[in-house]
Amino acid sequence: MIIPLHLVFVFKNHPGPVPEAEFCAQFELGFSTSIETRVNDKNFERIYVQGGINVKPLVEKIDLDEDAVKKEDDRIEVKDAENDVKNENLKRAESADAGKEESEVEKEAWKLLRESVVTYCGSPVGTLAANDPNDKQPLNYDQVFIRDFVPSAFAFLLKGEGEIVRNFLLHTLQLQSWEKTVDCYSPGQGLMPASFKVRSVALDDNKFEEVLDPDFGESAIGRVAPVDSGLWWIILLRAYVKLTGDYALQERVDVQTGIKLIINLCLSDGFDMFPSLLVTDGSCMIDRRMGIHGHPLEIQSLFYSALRCAREMLALDDGSKNLVRAVNNRLSALSFHIREYYWVDLKKINEIYRYKTEEYSTDATNKFNIYPEQIPHWLMHWIPEEGGYLIGNLQPAHMDFFFTLGNLWSIVSSLGTPKQNEAILNLIEAKWDDLIAQMPLKICFPALESEDWRIITGCDPKNTPWSYHNGGSWPTLLWQFTLACMKMGRTDLAKKAINIAERRLSLDRWPEYYDTRNGKFIGKQARLYQTWSVADT
C-alpha cells in the first residue's frame, strides 16, 4: 500500500492507531489533540472559554491573567530540548525510509516531484502547480502556489530536505504586500500572494536577471483575493520550525513582522458581528463562484489553525503582548461560534425543522433566522444517526452543506470538539460511497444541479454538476484526511482510501481532480501531472 509521502514514517512505525503522544511528537503543528486532555493545562484557559462549549457567547473581551502571557517565556527556555526532539524525529523518519524499498509508484512520484521544483538564483523555492510536458496552455499552472506547495513541503520536510521549504517561506515573505494595484487600488498590508512565477528580465549587454513576479489575484480568473495564502503560510512556518528545530528562522525580525502583518490583517475591525472571518466568494481552494462568500468553514478552520500557530511563534515583548491577547480572545470566541452554530446532526436538524422564524430578541433560539424549508429532503435521510458535520457556511437566513476540507482541518486543528471530530469521521465512513467511492475525496456534497447550478455558479462551464469544485473528487484532500484519521485513531479509514487512490493515480497520470458522482472519470478539464496529487501519493 502506498502511503502519502509526508506521513509515511508514522504508519510504518505504528500499524494500528497512532498514540496521541507519538502523533504530536512527529507531526506537531502546535495543535491540541482533544479538549479533555487539556482541561488541567493552564494554557488551556487561553484557548477556550472556561466552562467548555456550553458557555454563553462572548460579548466582551476576556481579561487574561498577565502571568499566563509571561509563562509563554517557558517555550524559549526549553527550545534547545525541543530542537533535539525534532532532530531525532527526522533521524527516525530517515532511518525508517532507509529500511524500506520504495515501490515503483513511489519512485515515480518522487521523480515527478523533483522535476516540478522551481529554482530562483540557483536555489529551490517551490514546486509548479502542474508539470505536464504536453500542456501547451498552462495558464497559471506553471506558477508556484502557496496552498498547492504545502503537501509538497511536508513531503520534503519528512524526507529531511528542509532547504526548499525555508527558501519558499522567506521568498514569499519578501513578496508580502508587494506594490500591486488593481484599478488603482493596492492590496492590504500583510496580504500574501496566491502564487508567484520566476521570470527573466533583460538587462544591458544581453544579460538577464531572475525576478519573482507575484500574483495577488489581479491576474487570476475572476480577480479573487487569496485570503487563505497567509493562513497556509503561517501553518507551514510552524510545521517547518517544529520538524527541523530551526527556531532561529521564526525569531528573525522580518518573519516576526510578517506574522504580525497577517494576523493584524485578519483581526482588523470591520462591519461584521461574528468572530469568524468574512470573505468574498472564491477566496480559498474553491476559487470560483460557488456561493461560499460570507463565512466559509474552510477559511474559519485555517484561520483558527493560523491563530494557534502564530501564538506559539510570536516573540513575547511589549510590542506583541496586545496582539497575543487579541489572538487568545478571538480563539475563544471563534471556537465557541463554530462548535455551537455550524454543527449539524440528526438532533440539530430536528431542532431546525421546528424553528420559529422572525424572532426579534437577544435570546432568540433561531439566531440566524434559518427557515426550516431550507433543509433539503435528501439531508434528512442522508445524515447517519452516529454522524454529523460542520456546515460549509453560515450567515443570516443561509446555511450551506458538506465541504470536505473545512471539516478535515477542523479535526486536525481541534476546532471541533472530540465528539464532533469523531462524528465527522463516522459520517465519512457511513457515506463512503458518496464521499470516497472510486477516488477520494469529494470536495463537497452534494453537487449543485439544475437551477441551483445556474443561479449560484452563474452557469460556470467548469463547475458543472459533479465536476471540479462542484462535487468533483480531489486526490489532494487525501493527505488531510489521513492526518485527521491519524489524530482520531482511525488509520483504517485512511488506509482504505489510500488503497483506492493508489490503484489509479499513476495509471491516470496524476490528474488534478476526477468527475462524476462516484469519481469514475478523469476531470474534463483536469490538468495532468498535478503536483499536489503527486505529493499525496
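Let us look at the structure shown here. Predicted, not measured: the structure shown is a model, and the values here were computed from it.

The biggest cluster of nonpolar side chains holds 144 residues, and the ones touching the most others in it are Val165, Trp233, Tyr389 and Phe481. Looking at this core, the element that brings in the most residues is helix H9 (residues 227-244), giving 11 residues. Residues in contact with Val165, not counting those within four places in the same chain, are Phe149, Ala153, Phe156, Leu157, Leu236 and Tyr240.

Right, let's talk about helix H20 (residues 478-487) for a bit. Of all 10 residues in H20, 10 are buried, a share of seventy percent or more. Looking at H20, one finds that the buried residues are Leu478, Trp479, Gln480, Phe481, Thr482, Leu483, Ala484, Cys485, Met486 and Lys487. Gly489 sits one or two residues past H20 and shows a positive phi near 70°.

Quick look at the pairing of strand E5 (residues 208-215) now. Pairing analysis gives eight bridges linking strand E4 (residues 195-202) to E5, with the strands arranged antiparallel. Bridged to Ser195 within E5 is Asp215. In this antiparallel pair of consecutive strands, E4 and E5, the connection spans five residues, and Asp205 shows a positive phi of 60°.

So, on to the sheet that holds E4. One open sheet holds the three strands; their spatial order is E3-E4-E5, and the pairing between them is antiparallel. Where the open sheet ends on each side, the last strands, each with one partner, are strand E3 (144-145) and E5.

We now examine the environment of Phe521. Tracing the backbone shows Phe521 in strand E13 (residues 521-522). Expressed as a C-alpha distance, the spacing of Phe521 and Met439, which sit 82 residues apart in the sequence, is 9.3 Å. Sequence-distant contacts of Phe521, defined by excluding residues within four places in its chain, comprise Arg504, Tyr514, Asp515 and Thr516.

Next up on the list: unusual backbone geometry. Between Pro440 and Leu441 the backbone carries a cis peptide bond, its omega angle lying at -10°. Not every positive phi belongs to a glycine, and Ser414 is a case in point at roughly 65°. Looking at the secondary structure, you find Ser414 in the loop between helix H16 (404-412) and helix H17 (418-430). According to the relative accessible area criterion, Ser414 is buried, its value standing at 3%. Its identity as a non-glycine residue notwithstanding, Ala437 has a phi of 50°, on the positive side.

What counts, and where the lines are drawn
Residues numbered from 1 in each chain as written. Predicted model: local features only at pLDDT ≥ 70, side-chain atom pairs only at ≥ 80, totals over all residues. Heavy atoms only, no water. Core = buried A, V, L, I, M, F, W, Y, C linked by side-chain atoms within 4.5 Å. Buried < 20%, exposed > 50% of the residue type's maximum accessible area, 1.4 Å probe, protein only. Helix = DSSP H or I, 4+ residues; strand = E, 2+ residues; numbered from the N terminus. Contact = heavy atoms within 4.5 Å. Pairing = 2+ DSSP bridges.

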